[in-house]
Each structure stands twice: as structure tokens, then as C-alpha cells.
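Listed below, chain by chain, are the residues.
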Amino acid sequence: MKILFFSAKPYDREFFTRHNAPYGFELEFLETHLGPHIVNAVAEGTPVVCVFVNDRLTDEVIGILAEKGVKIIALRCAGFNNVQLETAKQHGIRVCRVPAYSPEAVAEHTAAMILTLNRKTHKAYNRVREQNFALNGLLGFNLFGKTAGVIGTGKIGRAFCRIMLGFGCRVLAYDPYPDASLAATGVEYLPFEEVLKESDIISLHCPLTPENRYLINRETLGLAKKGMTLINTSRGGLVNTNDVIEGLKTGQIAYLGIDVYEQEENLFFKDLSGSIIEDDTIQRLMSFPNVLVTGHQAFFTEEALAQIAETTLGSVDQLMKGGEPSGEGIMLA
Ligand code: NAI
């Protein structure tokens with residue numbers, strides 16, 4: 001039985017092929033995104049398509065997939081804003097996703113961004129390679145004794161709190177649904193504004209919703225400590241990037257680390273090293289010496305990719321046998 005992959009990168013091929021041994025599915029990998037431009041090329045009788053965050057499963061695309069005989073859309077990611085679920089339901093197409101894959105991967109990348117920024121290891125790396133062993137400009141600050149504010153204490157936020165407690169930080173948190181077991185480990189829940197006011201480092205770990213778009217904006221940044229560190233590994237739309245640039249210029253934000261960016265779909269996961277980037281906002285951000293940008297790589301560990309492949313293939317197997325996915329595979333339609 002064939003699974004047709006879209007937006008497939010070499011690492012998708014490697015991990016899905018490795019974890020396919022017990023299932024023996026026929027795997028076909030296409031580099032192109034799935035969208036109206038390519039959907040007609042899907043062969044009749046393809047039972048499963050496997051897609052990622054930037055594939056576009058519009059009403060039209062799903063209608064054509066249904067005509068071709070597609071029975072399952074397997075999302076190899078957590079987010080599903082790119083799939084018209086109602087349309088899939090109407091066509092009787094099942095949709096599954098991978099809601100959690102190594103929250104520690106994202107939490108550890110968040111910590112890596114903080115440690116890079118506060119000890120300037122990205123600069124030291126380049127400097128030493130040029131035989132410049134001077135320390136001027138590399139002055140950092142201790143994490144021990146600082147206050148870290150965590151916005152959202154779900155799976156990733158909790159893992160991040162544990163790391164920051166380990167550094168000897170005071171850890172404050174805001175979440176509309178506080179976790180009593182986390183509070184018992186020493187994390188103090190406070191209202192959002194209080195967390196902003198008291199924290200030296202703010203890290204975002206909540207999902208993007210219509211209500212919290214631009215949660216970090218000129219006004220909320222005004223409440224924060226001058227010289228704070230802001231880290232966003234969650235979703236680009238949580239911060240108003242222009243207001244953040246203003247905050248960097250005034251020194252309100254001393255350090256910024258982002259793994260996500262509101263307009264990332266035009267940039268991330270692509271090698272644009274030979275291209276002219278037209279997005280002036282990201283170019284401005286990257287021009288600051290105290291800003292670190294990574295291209296949505298926080299999840300990108302061996303462990304997370306193994307879990308994504310295992311969960312996705314396991315869900316497809318269960319569904320093809322007429323069952324429902326167990327464990328981490330979650331049905332959306
Ligand atoms: P989760 O669903 O386990 O936890 C989210 C938490 O945020 C919940 O406790 C919820 O109550 C809380 N929350 C919701 N709205 C909030 C608000 N306005 N303010 C404060 N808290 C709020 O999600 P998980 O697995 O911890 O993931 C968090 C986010 O991390 C995801 O939504 C996704 O955007 C991002 N992510 C980023 C990845 C990357 O590679 N950079 C990979 C995976 C997830």
C-alpha cells in the first residue's frame with residue numbers, strides 16, 4: 001500500500017524509510033508542496049498522502065484527492081491550520097496528526113538560544129577562528145539568580161521550566177490553566193502582566209490563537225523590564241515584529257531569539273543563499289548583533305523525527321486496518 005509524501009526533505013526520507021520496516025508500506029517522496037498546482041498529478045488509487053506544515057489542503061485540493069481515491073491525509077506535524085477539515089469529513093477522508101514529539105527538543109533549543117545570546121558564543125566561534133582571542137564585546141551575564149518568565153506551561157513550557165529551575169533561576173509562569181504539579185516544583189504562577197514586569201527573560205510557549213495574536217506588542221513590551229531577553233520558539237504571530245524591532249532600537253529588548261517568524265512560510269525550510277530576500281523586516285532583524293534567528297529548527301532532533309515517523313506510520317497502519325490510532329496519533333477528521 002502506497003503513501004505519497006509531499007514537501008519531503010532528505011531527513012523525511014531517511015526517518016520514514018527506517019521506521020517503515022515493520023509496516024512494509026510503499027513510500028514515494030515528492031519534494032514539491034501539495035497544492036492546486038500539483039494535485040492532478042496524484043495517481044488514481046493512491047490511498048494515503050502524507051503532508052507537512054506548508055502543504056495547502058484547500059477545498060479544491062481535497063475534492064480532487066477524494067476523486068483519486070485518497071482515504072487518509074496523514075499530517076506529520078502538530079499544526080493543522082492548513083487543512084480544511086470539514087471538507088475532508090464530507091468526503092469521508094480521515095485526517096490524523098502528531099500532536100507531540102519530544103517537547104524536550106523545543107525546550108532545549110530555547111535554552112540553547114538563551115545561552116548563545118547571553119554568552120555570545122556565536123560571536124566567539126567566529127572570532128576564535130580568526131585567531132582573535134580578545135574578550136572585548138563578549139561580556140555575558142549569569143542565569144543563576146535571574147527571573148525567567150514562561151508564557152504557556154503545556155508540554156514544552158513545563159520542560160523549559162525544569163531546565164530554568166536547574167540553572168537556579170526564579171521561574172514565573174502565566175497560563176490560563178495553571179498546572180499544580182509544576183507549581184509544586186517551585187514555579188510561581190502570576191498574571192501575564194506581572195510575569196512581564198518581573199522577568200529578565202521571557203519565553204513564549206503558548207499556541208497562536210486569534211485571541212493572542214501580537215501578545216507581545218508595543219504596549220506589553222512597555223510593561224517589561226528594560227534590557228530583557230525575549231525568546232519565541234512558538235509561533236511568529238505571537239509577536240508584533242515591528243514593535244519588537246522598535247524595542248531593540250530603544251534597548252527595551254537587550255536580546256532577542258526567534259525560531260519562528262510571522263512570514264516564515266516564504267523563507268524557512270529553503271536554501272535561499274543565492275537569492276535576493278525581499279522581506280525587509282527579517283533582514284532588519286538579522287542586522288542586529290543581539291538577535292539570533294533560527295529557521296524553525298527547535299523540533300529538529302533525532303528523537304523527535306523518530307517519533308514523528310513512528311506515530312504517523314502507526315496511525316496509517318491502524319486506520320488501514322479499520323481501527324483508530326492509539327497512543328500519540330490523534331484524529332482530526
Ligand atoms: P500544549 O498544548 O501542550 O501547551 C500549550 C499551553 O499554552 C497550554 O497549557 C495552554 O493552556 C497554554 N495557553 C494557551 N493560550 C495561552 C495564552 N494566551 N497565554 C498563556 N498560555 C496559553 O502545547 P506544546 O506542545 O507545549 O506546544 C506549545 C507551542 O510550541 C505550540 O503551540 C507550537 O506553536 C510551538 N511549537 C514549536 C515548535 C518548533 O519547532 N519551534 C515545535 C512544536 C511546537
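Residues numbered from 1 in each chain as written. Predicted model: local features only at pLDDT ≥ 70, side-chain atom pairs only at ≥ 80, totals over all residues. Heavy atoms only, no water.

S.K.: Explain the packing of aromatic side chains here, please?
M.R.: To describe a pair of aromatic rings, you give the distance between the ring centres and the angle between the ring planes. Under the defined criterion, the tally for this structure stands at nine aromatic pairs. Relative to phenylalanine 16, the ring of phenylalanine 5 has its centre 4.8 Å away and its plane inclined at 65 degrees; by these criteria the two rings are edge-to-face. You can see phenylalanine 5 sitting in strand 1 (residues 2-5) and its partner phenylalanine 16 sitting in helix 1 (residues 10-19), a full eleven residues away along the chain. Of the two residues examined, phenylalanine 5 and phenylalanine 16, each falls in the buried class. One aromatic cluster in this structure is built from Tyr11, Tyr101, Phe299 and Phe300. Lying over the aromatic face of tyrosine 214, arginine 213 brings its terminal NZ or CZ to 4.3 Å of the ring centre. (Phe/Tyr/Trp six-rings, centres within 6.5 Å; stacked < 30°, edge-to-face > 60°. Helix = DSSP H or I, 4+ residues; strand = E, 2+ residues; numbered from the N terminus. Buried < 20%, exposed > 50% of the residue type's maximum accessible area, 1.4 Å probe, protein only. Lys NZ or Arg CZ within 6 Å of the ring centre and 35° of its normal.)

S.K.: Can you walk me through the pairing of strand 6 (residues 147-151) in this structure?
M.R.: For a regular strand, the rule is simple: side chains alternate between the two faces of the sheet. Most of strand 6 is tucked away: five of the five residues are buried. Judged by which residues are buried, strand 6 turns out to be covered on both faces: Thr147, Gly149 and Ile151 on one side and Ala148 and Val150 on the other are all buried. As defined by bridge partners, strand 6 adjoins strand 7 (residues 170-174) across five bridges and the pair is classed as parallel. Within the sheet, the bridge partner assigned to isoleucine 151 lies in strand 7 and is tyrosine 174. You can see the chain leave strand 6, run along helix 6 (residues 155-166) and come back into strand 7, and the turn it takes is right-handed. Where strand 6 meets strand 9 (residues 201-204), four bridges bridge the pair, whose relative direction is parallel. Counted as the bridge partner of alanine 148 is isoleucine 201 from strand 9. (Pairing = 2+ DSSP bridges. Right-handed = clockwise from strand over helix to strand, strands pointing away.)

S.K.: How should I be thinking about the site of the ligand in this particular structure?
M.R.: Of all residues adjacent to the ligand, which total 23 residues, the nearest are Lys155, Ile156, Asp175, Thr233 and Asp259. In this structure, aspartate 175 approaches the ligand through a side-chain N or O atom, which is 2.7 Å from an oxygen atom. Serine 234 is positioned with one of its backbone polar atoms (N or O) 3.1 Å from an oxygen atom of the ligand. Considering the ligand on its own, with 870 Å² of exposed area, one finds that the protein chains cover 80% of that surface. Here the shell around the ligand is composed, by residue class, of eleven nonpolar, eight polar and four charged. (Near = heavy atom within 4 Å. Polar contact = N/O pair within 3.5 Å; in protein donor to acceptor, adjacent residues only side chain to side chain. Areas by Shrake-Rupley, 256 points an atom, 1.4 Å probe, with all protein chains shown as cover. Nonpolar A, V, L, I, M, F, W, Y, C, P; charged D, E, K, R; others polar.)

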